[in-house]
Amino acid sequence: TILASNSWQLVASAFPIAFLSNPLTYVLLRVCLLLEATGLCQAAWVLAAIHKKIAGFQRDEAYIGTAEERASKEMGDDTSHLPIGAGHIVQLPNFADNAPRSLKKLLAEDPAVVSYINTEIADLEKQDA
């Protein structure tokens, strides 16, 4: 689908006059602009609500309970495996050993890359400390 949608955009950007002079393209463009002007495209939320009703989707609270219910049952979030807190980037163990071959080659050939990576890791560790 990416190829199909991007190919038309490439053709239109490369040959805008030829693309828009095609009567079918012009009519389809006008229909799309009219549809967008009506606001019907904003009906995606309505369609999502209909889909929710048909599929029987429920809010997360129906499945896992509210935060208060989870806390009362001692089902709180387990952050013990997050030594520096949620949302922080941590250095992956054995990153250099498991790095792609091209990165290993670059690290071996260019000491500036090694220095840069080590500096970035050190800066990240300073921020988290």
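Keep in mind that what you see is a predicted model, and the values were worked out from it rather than measured. (Residues numbered from 1 in each chain as written. Predicted model: local features only at pLDDT ≥ 70, side-chain atom pairs only at ≥ 80, totals over all residues. Heavy atoms only, no water.)

**Student:** Help me understand the overall build of the protein chain, please; the structure alone is not making it clear to me.
**Tutor:** When helices and strands are tallied, the protein chain shows 8 helices and 0 strands. Counting across all 129 residues of the protein chain, residues that qualify as buried make up 5%. (Helix = DSSP H or I, 4+ residues; strand = E, 2+ residues; numbered from the N terminus. Buried < 20%, exposed > 50% of the residue type's maximum accessible area, 1.4 Å probe, protein only.)

**Student:** I keep staring at a nonpolar patch on the surface and nothing clicks. Help me out?
**Tutor:** A cluster of nonpolar side chains, namely V46, L47, I50 and I54, defines an oily patch on the protein surface of about 420 Å² accessible area. With respect to the helices and strands, I50 occurs in helix 4 (residues 44–55). (Patch = residues over 30% accessible without salt bridge, like charges linked within 9 Å, V, L, I, M, F, W, Y side chains within 5 Å. Areas by Shrake-Rupley, 256 points an atom, 1.4 Å probe, with all protein chains shown as cover. Salt bridge = Lys/Arg side-chain N within 4 Å of Asp/Glu carboxyl O.)

**Student:** I would appreciate a short explanation of helix 4 in the present structure.
**Tutor:** Owing to its 3.6 residues per turn, the α-helix brings residues three or four apart onto one side. Its 12 residues give helix 4 an end-to-end C-alpha distance of 16 Å, which sits within 8% of 16 Å, the value for a rise of 1.5 Å per residue. Immediately downstream of helix 4, the backbone of G56 shows phi near 80°, a positive value. (Expected span 1.5 Å × (residues − 1).)

**Student:** For this particular structure, what's the right way to read the pattern of salt bridges?
**Tutor:** Pairing of side chains with opposite charge becomes possible as their charged atoms draw close. Throughout the structure, instances matching the rule amount to 1 salt bridge. A salt bridge links E61 to R59; the shortest N-O distance between them is 3.5 Å. Given the relative accessible area of 61%, R59 is considered exposed.

**Student:** Honestly, the confidence of the model for the protein chain in this entry has me stumped. Any pointers?
**Tutor:** Summarising the model, the protein chain shows a mean pLDDT of 79, and 80% of its residues fall at 70 or more. Element-level mean pLDDT values for the protein chain span from 79 in helix 1 (residues 2–14) up to 88 in helix 4. (pLDDT = per-residue confidence, 0-100.)

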